[in-house]
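Notes for the structure review
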Amino acid sequence: MKLFQVINLAREYLVLGIIGLIFIGIIYFIFFRRFLKNHMQTNIKKVIVFCILFCYIVIVIGATIFTRSGVYEHANLHLFSSYIEAWNNYSKSYWRNIILNILMFVPFGFLLPLFSDRFKKFYWTLSLGFLFTFGIEVTQYITKRGIFEVDDIMNNWIGALIGYSLVMFLLTSISKEKTKFKPLKLVIYLLPTLGVIFAGYKINDIYNSQRFGNLSSNYNYVYDMSKVSLNSKVELTDDEDKEKKVYTLNRLSAEDALNFAQDFFKKIRNNSR
């Protein structure tokens, strides 16, 4: 999926998210205003974060599930296969899909600690991030609107980790708490982001240092075929040969091969004119 397509999808489902917020607001003012009035006034920041978080979740669900037709019927359980495929092909489209899967969940990890202090504890945010992406992948598989890929779960989870680390770095930086462990916390919170950036730089550096690049025909993952057996139900009669040739190959002499090559390149030159 290209960047402009992502932006258009975000705009489309942002409208749906806003409509959903209006509906929630109407329900609140009709049924719960008198009970939660004081609570609402003291938590206006959380209300703003909730609105952003709600629209974001609508956009993610819409982009990952409702924009796809039901044509997928399998799962990819091979960890790092998307990275191997991107490495073998080394084109922008393959790496863009990985990067977008990571960036898609950065807001999730960033917004949750702002919404509730409970999510300032990393295990709450990262656990919920895992459940959210796992739920999306399972839904895609059940509805056949996507491929269940463990790499997508991993990339989304990394994005949530980066978002959480960045927001905790900011909150720790502006906090008035002064402890000797504050600098250490700031460094730890920056490690996930710096680690991903360094990994991307190193991958690109290793690729550019190669003389001939990679082969796109290289395998992305390996199947264990040691326990696979092939059976044939074809029965041969007595008057047939017991051995059958799969294919035959005519070998050319040196002179015939030279004539074939000359004709072949002659046709290429004529077609290019």
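Since this is a predicted model, take the numbers as computed values, not measurements. (Residues numbered from 1 in each chain as written. Predicted model: local features only at pLDDT ≥ 70, side-chain atom pairs only at ≥ 80, totals over all residues. Heavy atoms only, no water.)

What the chain contains, in helices and strands, is nine helices and two strands. Counting across all 273 residues of the chain, residues that qualify as buried make up 26%. Of the contacts made within the chain by residues no fewer than 6 positions apart, 76% connect residues no fewer than 24 positions apart. (Helix = DSSP H or I, 4+ residues; strand = E, 2+ residues; numbered from the N terminus. Buried < 20%, exposed > 50% of the residue type's maximum accessible area, 1.4 Å probe, protein only. Contact = heavy atoms within 4.5 Å.)

With the rule as written, the count across this model stands at zero disulfides. Free of any disulfide, Cys 51 has its nearest cysteine sulfur in Cys 55, 6.9 Å distant. (Disulfide = S-S within 2.5 Å.)

Notably, Phe 80 is not glycine yet its phi reads approximately 70°, a positive angle. Its location among the elements puts Phe 80 in the loop between β1 (75-76) and α3 (81-89). Residue Phe 80 is classed as partly exposed on the basis of its relative accessible area of 43%. Of note, the phi angle at Lys 144 is positive, near 60°, even though the residue is not glycine. Assignment of secondary structure puts Lys 144 in the loop between α6 (122-143) and β2 (148-149). Judged by its relative accessible area of 36%, Lys 144 falls in the partly exposed class.

Turning next to the environment of Trp 157. Along the polypeptide, Trp 157 turns up in helix α7 (residues 150-174). The partly exposed category is assigned to Trp 157, whose relative accessible area is 31%. Spatially, the C-alpha atoms of Trp 157 and Leu 131 are 9.4 Å apart, while their sequence positions differ by 26 residues. Leaving out residues up to four positions away in the same chain, Trp 157 has contacts with Leu 126 and Phe 130.

One can describe the packing of helix α5 (residues 106-115) onto α7 by two numbers: an axis separation of 6 Å at closest approach and a directional angle of 40°. In terms of orientation, α5 lies oblique with respect to α7. Of the two elements, α5 crosses α7, and the hand of that crossing is right-handed. Taking contact as the criterion, the partners of Val 106, Gly 109, Phe 110, Pro 113 and Leu 114 in α5 are, on α7, Gly 159, Ala 160, Ile 162, Gly 163, Tyr 164, Leu 166, Val 167, Met 168, Leu 170 and Leu 171. Split by residue class, the contact of α5 with α7 holds 12 nonpolar, three polar and no charged. (Axes fitted to C-alpha atoms, helices over the stretch in contact; angles between N-to-C directions. Parallel < 35°, antiparallel > 145°, perpendicular 65-115°, else oblique. Left-handed = near helix turned anticlockwise from the far one by under 90°. Nonpolar A, V, L, I, M, F, W, Y, C, P; charged D, E, K, R; others polar.)

A few words on the nonpolar core. Val 49, Leu 53, Tyr 56, Val 60, Phe 105, Phe 108, Leu 111, Leu 112, Phe 119, Phe 132, Ile 136 and Ala 160 form the largest nonpolar core, which has 12 residues in total. Residue assignment for this core shows that the elements contributing at least two residues are α2 (44-66), α5 and α6. A per-element tally of this core places α2 first, with four residues. Dropping the residues within four chain positions of it, Phe 108 is found in contact with Tyr 56, Thr 125, Leu 128, Gly 129 and Phe 132. Core analysis: the next-biggest nonpolar cluster, separate from the first, contains nine residues, Ile 102, Met 154, Ile 158 and Ile 162 among them. (Core = buried A, V, L, I, M, F, W, Y, C linked by side-chain atoms within 4.5 Å.)

Attention shifts here to the packing of aromatic side chains. All told, the structure shown has 19 aromatic pairs when counted by the stated rule. Aromatic pair Trp 87 and Tyr 90: ring centres 5.8 Å apart, planes at 85°, arrangement edge-to-face. Under the relative-accessibility criterion, Tyr 90 is labelled buried at 18%. Relative to Phe 148, the ring of Phe 134 lies with its centre 6.0 Å away and its plane at 90°, an arrangement referred to as edge-to-face. With Phe 134 in helix α6 and Phe 148 in strand β2, the pair connects residues that are 14 residues apart, well separated along the chain. Pairwise contacts between aromatic rings join Phe 80, Tyr 83, Trp 87, Tyr 90, Trp 95 and Tyr 207 into one cluster. Taking the ring centre of Trp 124 as reference, the NZ or CZ of Arg 118 above it sits at 5.0 Å. (Phe/Tyr/Trp six-rings, centres within 6.5 Å; stacked < 30°, edge-to-face > 60°. Lys NZ or Arg CZ within 6 Å of the ring centre and 35° of its normal.)

Those residues of α3 that fall on the buried side of the exposure criterion are Ser 81, Ser 82, Ala 86 and Asn 88. Down the axis of α3, the sector holding all buried residues measures 165°, keeping them to one side. Next to the buried residues of α3 lie β1, α4 (92-103) and α7. Where α3 terminates, the next one or two residues include Tyr 90, which has phi positive at roughly 45°. (Arc of directions from axis to C-beta.)

In this structure, Asn 76 sits in strand β1. Look at Asn 76 and you get buried, because its relative accessible area is 12%. Here the side chain of Asn 76 touches His 78 through a polar contact of 3.1 Å, landing on its backbone nitrogen. Those residues in contact with Asn 76 that lie beyond four places of it in its chain are Ser 81, Ile 147, Phe 148, Glu 149, Val 150 and Tyr 221. (Polar contact = N/O pair within 3.5 Å; in protein donor to acceptor, adjacent residues only side chain to side chain.)

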